[in-house]
Amino acid sequence: DPCLYVTYSHKLKEYAQTHFNQLNREPREVLFKTIKELCLDLLPKIQREQFEKSGYVDLIKFEIFIQKHSQKFSAHMLWEEFRGILKGCFYLASQTKKILTLSQYLDLTQIGLAQDDSLFDQDERKSVYQIFESYQQWLKDSSKWDDLDLARCAFECIKNNQYSYAQILVDEVQD
């Protein structure tokens, strides 16, 4: 079985691959991938096509969206909240739902999180959730997607399949 090295950025992937090739003295198959490449590789061709590059929403496109929808909150904080709590918390990985409900978000203890796991105070969360709903609607209406949409789709595809690697190294796991 090959080894798998996964990271968030192309730059780090290329850096690691270059250094591995320079240092490696024994033949070993190592696949170097970004998380996006890994997810796309796991999808059947028909699903892969729905994740066209032009529809990808990165932080820069997200900031542009937020500028139009909120001057009250930092785009970076919203980006982290959406990715880490509202759309990407561990609880959702075991659920058929793709996002938290407003009720769950207002009381994070319902899903096993602490209230202070959110970057926002309790009184700010309703406003944050409204912005989140606008963001989700914008993604849907404009056929756009973000990393979590891709990861969720890949996760659904691999649930019943087995993939085997001798080792898996995830660099920058916080991303």
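Described in the following lines is the structure provided in the data block. (Residues numbered from 1 in each chain as written. Predicted model: local features only at pLDDT ≥ 70, side-chain atom pairs only at ≥ 80, totals over all residues. Heavy atoms only, no water.)

**Structural notes on the nonpolar core**
A general trend in soluble globular proteins is that nonpolar side chains are found buried together.
1) Next: Grouped together as the largest cluster of nonpolar side chains are 24 residues, with contacts concentrated most on Phe62, Leu78, Phe82, Leu86, Leu100, Tyr105 and Val128.
2) Next: Listed by contribution, the elements that provide at least two residues to this core are helix H4 (59-69), helix H5 (75-86) and helix H8 (125-141).
3) Next: For Leu78, the residues in contact, after removing those within four places along its chain, are Phe62, Ile66, Phe73, Phe120, Val128 and Ile131.
4) Next: Among the nonpolar cores identified, the runner-up in size contains 13 residues, and Leu4, Val6, Trp145 and Leu150 belong to it. (Core = buried A, V, L, I, M, F, W, Y, C linked by side-chain atoms within 4.5 Å. Buried < 20%, exposed > 50% of the residue type's maximum accessible area, 1.4 Å probe, protein only. Helix = DSSP H or I, 4+ residues; strand = E, 2+ residues; numbered from the N terminus. Contact = heavy atoms within 4.5 Å.)

**Description of the side chain of Asp146**
1) Next: Among the structural elements, Asp146 can be located in the loop between H8 and helix H9 (147-158).
2) Next: Note on Asp146: relative accessible area 6%, which makes it buried.
3) Next: A polar side-chain atom of Asp146 sits 2.9 Å from a polar atom in the side chain of Lys87.
4) Next: A polar contact of 3.1 Å, which involves the side chain of Asp146, links it to the backbone nitrogen of Asp149.
5) Next: In this structure, Asp146 is in contact with Tyr56, Val57, Lys87, Tyr135 and Leu139, ignoring residues within four places of it in sequence. (Polar contact = N/O pair within 3.5 Å; in protein donor to acceptor, adjacent residues only side chain to side chain.)

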